[in-house]
Amino acid sequence: MPEAPEKFDTAMTTWQEWQDAPWGRLRYAIAEANLVRHLDGLGDGPLRVLDLAGGDGGDAMRLAARGHHVTIVDYAPAMLAAATERASASGLTELITCVQADVTALPADLAAGQFDVVLCHNLLQYVDDVSGTLAAALAPLKPGGLFSAMAINRHSAALNITVREMDPAAALAALDTDQVRTQMFNSTLTMYTAEEIIPVLHGLGCQDVQHYGIRSFCDYITDDARKYNPAFYADLERLELATTARPPYMHTARLFQLTARKRDS
């Protein structure tokens, strides 16, 4: 992976503040709701979940709270330490395992782990080889298992700049680039669209690909302070959940999430 783990370690406080903010809470709540749609039929009892680049466990804790066994893989030590603390504080220690590793060089026992669910959330924008990364992510998933990928949606870039920064000239320039700078991790990210990733998943043996949008409205409401109002947030969450799979809203959502089944051999 191109980024040094220390870069993520030093941004821990900012990252955790982001997760607690309304937009962070929406990101995890909607992703969980989309996953739950597809968990039935994967197996009897608790599922085995592999959360690749899982950071401090934002997705993992929600699935563990549902009784599933989750292995978090990340290569930033501070993220994994925070995940361990969160698991302990939530009484989920027995359901959470943390492994420091690169997603494309997983330990042998994980690479052939026959997991029921594999998450690859907010990783693709950091890698150079998307197809190779997705292939490595799919390898631990058993046939018929559920795969979930999430990334920044390039279709949202120009709209986000226009609404948030009121800079149509910058928005025009954003139409012709797939690069964006993140201040939180001081990194240049590559943006993709769901339409670009779906055929890659098909080529890697995935089927039943479903396209969801995350934060179809939140990021385009400029009054961020109002989002902290519990009643307003509750209404916003209901709106986001109602439109996560509803055209055309998922096409301009800030993030896209793709779920798929790994084709049986």
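Attention here is on the structure that accompanies the text. Just so you know, these numbers come straight off a predicted model, no measurement behind them.

With that settled, the discussion passes to the side chain of His211. Its location among the elements puts His211 in strand S8 (residues 206–214). Residue His211 is classed as buried on the basis of its relative accessible area of 15%. Not counting chain neighbours up to four residues away, the residues in contact with His211 comprise Ala194, Thr244, Ala245, Met250, His251, Phe256, Gln257 and Leu258.

Our next topic: the packing of aromatic side chains. Counting across every chain of the model gives 3 aromatic pairs. Summarising the aromatic geometry, the rings of Trp15 and Trp18 are spaced 5.2 Å apart at their centres and angled 5° between planes, so their arrangement reads as stacked. With Trp15 and Trp18 both in helix H2 (residues 12–20) and 3 residues apart, this pair spans about one turn of that helix. By the burial criterion, Trp15 is buried, and Trp18 matches it.

Now for the sheet that holds strand S4 (residues 115–121). One open sheet holds the 7 strands; their spatial order is S3-S2-S1-S4-S5-S9-S8, and the pairing between them is mixed. The sheet is open, and its two borders are formed by strand S3 (96–100) and S8, each paired with just one other strand. With direction set aside, neighbouring strand axes in the sheet form an average angle of 15°. Judged from the 7 bridges that link them, strand S5 (residues 141–152) and strand S9 (residues 255–262) form a sheet pairing that is antiparallel. Of the residues in S9, the one forming a bridge with Ala149 is Leu258. Helix H5 (residues 77–89) contacts strand S2 (69–74) and S3 of the sheet and is inclined by roughly 170° relative to S3. Along the sheet, helix H7 (residues 130–138) makes contact with strand S1 (48–52), S4, S5, S8 and S9, crossing S5 at roughly 140°.

Calculation rules
Residues numbered from 1 in each chain as written. Predicted model: local features only at pLDDT ≥ 70, side-chain atom pairs only at ≥ 80, totals over all residues. Heavy atoms only, no water. Helix = DSSP H or I, 4+ residues; strand = E, 2+ residues; numbered from the N terminus. Buried < 20%, exposed > 50% of the residue type's maximum accessible area, 1.4 Å probe, protein only. Contact = heavy atoms within 4.5 Å. Phe/Tyr/Trp six-rings, centres within 6.5 Å; stacked < 30°, edge-to-face > 60°. Pairing = 2+ DSSP bridges. Axes fitted to C-alpha atoms, helices over the stretch in contact; angles between N-to-C directions.

Geometry only, nothing functional implied.
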